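Observations on the model geometry
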Amino acid sequence: SQQGEEDPQALSIQEGENATMNCSYKTSINNLQWYRQNSGRGLVHLILIRSNEREKHSGRLRVTLDTSKKSSSLLITASRAADTASYFCATVPNSGGYQKVTFGTGTKLQVIP
Amino acid sequence: EAQVTQNPRYLITVTGKKLTVTCSQNMNHEYMSWYRQDPGLGLRQIYYSMNVEVTDKGDVPEGYKVSRKEKRNFPLILESPSPNQTSLYFCASSLQGRQPQHFGDGTRLSIL
């Protein structure tokens, strides 16, 4: 399977609910980044968490990182219809080809008004 | 306005006809990269460049070429396109390789 796999592949929730997406990866990382993509558009960076950090917040976003399990989660609280998009994690390796960024397959989130 | 600009946005062409997708950024970023996005496969890195005249292969470089003669430009060249290169392509840049990337709006290529 790919480095940086998200689950679930798709998620449908009601406005106001929380949405949680998970990302698993395989190799040692320097940092992990979360991006958002509106349909057919370019990706937009949301939040970066470094390998020595466990949790990070930005507005309604909360990201956690568990390097022992090689996994991360993105929580969007009090979701809005405008949060409907695909969300991707991207890993930056810790050594060697650190310039090589690996994206996951994404979670498609639908927030129903 | 800080941006990554790709051209063309859409292109339909035929097998074997050489094409170039241009990418330009105005943020003086050192790192630039090309990705392709296919359903169910996410984004896969084609090539990246750490700086002028420094390029390296990503995960799916076959059938593509790149060059980085100037810091702001990073064109993607398909010398002999084939139908399996039909995809949505994104160019991205960042200050350095480990930092968050700014993405262009994408180029949708159809190779018949």
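This text follows the structure it describes.
Residues numbered from 1 in each chain as written. Chains lettered and ligands numbered in written order. Predicted model: local features only at pLDDT ≥ 70, side-chain atom pairs only at ≥ 80, totals over all residues. Heavy atoms only, no water.

**A word on the pattern of salt bridges**
Any two side chains of opposite charge can pair, on the condition that their charged atoms come close. We count it as follows: One side-chain nitrogen of Lys or Arg within 4 Å of one carboxyl oxygen of Asp or Glu is enough to make a salt bridge. When a residue's accessible area, from a 1.4 Å probe over protein chains only, is under 20% of the maximum for its type it is buried; when over 50% it is exposed; and in between it is partly exposed.
According to the stated counting rule, one finds nine salt bridges over all chains in the structure shown. In this structure, Asp38 of chain B engages Arg36 of chain B in a salt bridge whose closest nitrogen and oxygen atoms are separated by 2.8 Å. The exposure classification of Asp38 of chain B matches that of Arg36 of chain B, with both residues buried. One continuous salt-bridge network, built from bridges that share partners, spans Arg36, Arg60 and Asp83 of chain A.

**A look at the sheet that holds strand S7 (residues 65-66) of chain B**
Residues and elements named next belong to chain B. Rule in force here: Paired strands are those between which DSSP finds at least two bridges. Starting at the N terminus, helices and strands are each numbered in turn, a helix being any DSSP run of H or I of at least four residues and a strand any DSSP run of E of at least two.
Reading across the sheet, the four strands line up as S1-S3-S8-S7 and stay open at both edges, with antiparallel pairing between neighbours. Of all strands in the sheet, those bounded by a partner on one side alone are strand S1 (4-7) and S7. Pairing geometry for S7 and strand S8 (residues 76-78), over two bridges, is antiparallel. When the bridges of S8 are listed, Val66 appears paired with Leu76.

**Topic: the environment of Ser93 of chain B**
Residue and element names in this part refer to chain B. Rules: We call two residues contacting when some pair of their heavy atoms lies within 4.5 Å.
Residue placement: Ser93 occurs in strand S9 (residues 87-94). Given a relative accessible area of 0%, Ser93 falls into the buried group. For the pair Ser93 and Ile12, spaced 81 residues apart in sequence, the C-alpha separation works out to 26 Å. The residues contacting Ser93, other than those within four sequence positions of it, are Val4, Gln25, Met27, His29, Tyr31, Met32, Pro100, Gln101 and His102.

**Concerning the state of the cysteines**
Disulfide: a covalent bond formed between the sulfur atoms of two cysteine residues. Counted only if it meets this: Note that a disulfide, as used here, is simply two cysteine sulfur atoms within 2.5 Å.
In the structure shown here, the tally under the stated rule is two disulfides over all chains. The residue that forms a disulfide with Cys23 of chain A is Cys89 of chain A, at a sulfur-sulfur distance of 2.0 Å. Disulfide Cys23 of chain A-Cys89 of chain A: torsion about the S-S bond near 70 degrees, hence right-handed. Highlighted residues: Cys23 of chain A in strand S3 (residues 19-24) and Cys89 of chain A in strand S9 (residues 85-93), separated in sequence by 66 residues. Per residue, the accessibility class of Cys23 of chain A equals that of Cys89 of chain A, and both read buried. In this model, Cys23 of chain B is linked to Cys91 of chain B through a disulfide, with the two sulfur atoms separated by 1.9 Å. Residues Cys23 of chain B and Cys91 of chain B are joined by a disulfide whose S-S torsion is about -75 degrees; by sign, that bridge is left-handed. With a gap of 68 residues between them, Cys23 of chain B in strand S3 (residues 19-25) and Cys91 of chain B in strand S9 connect regions that are remote in the sequence.

Treat this as a map of the structure, not an account of what it does.
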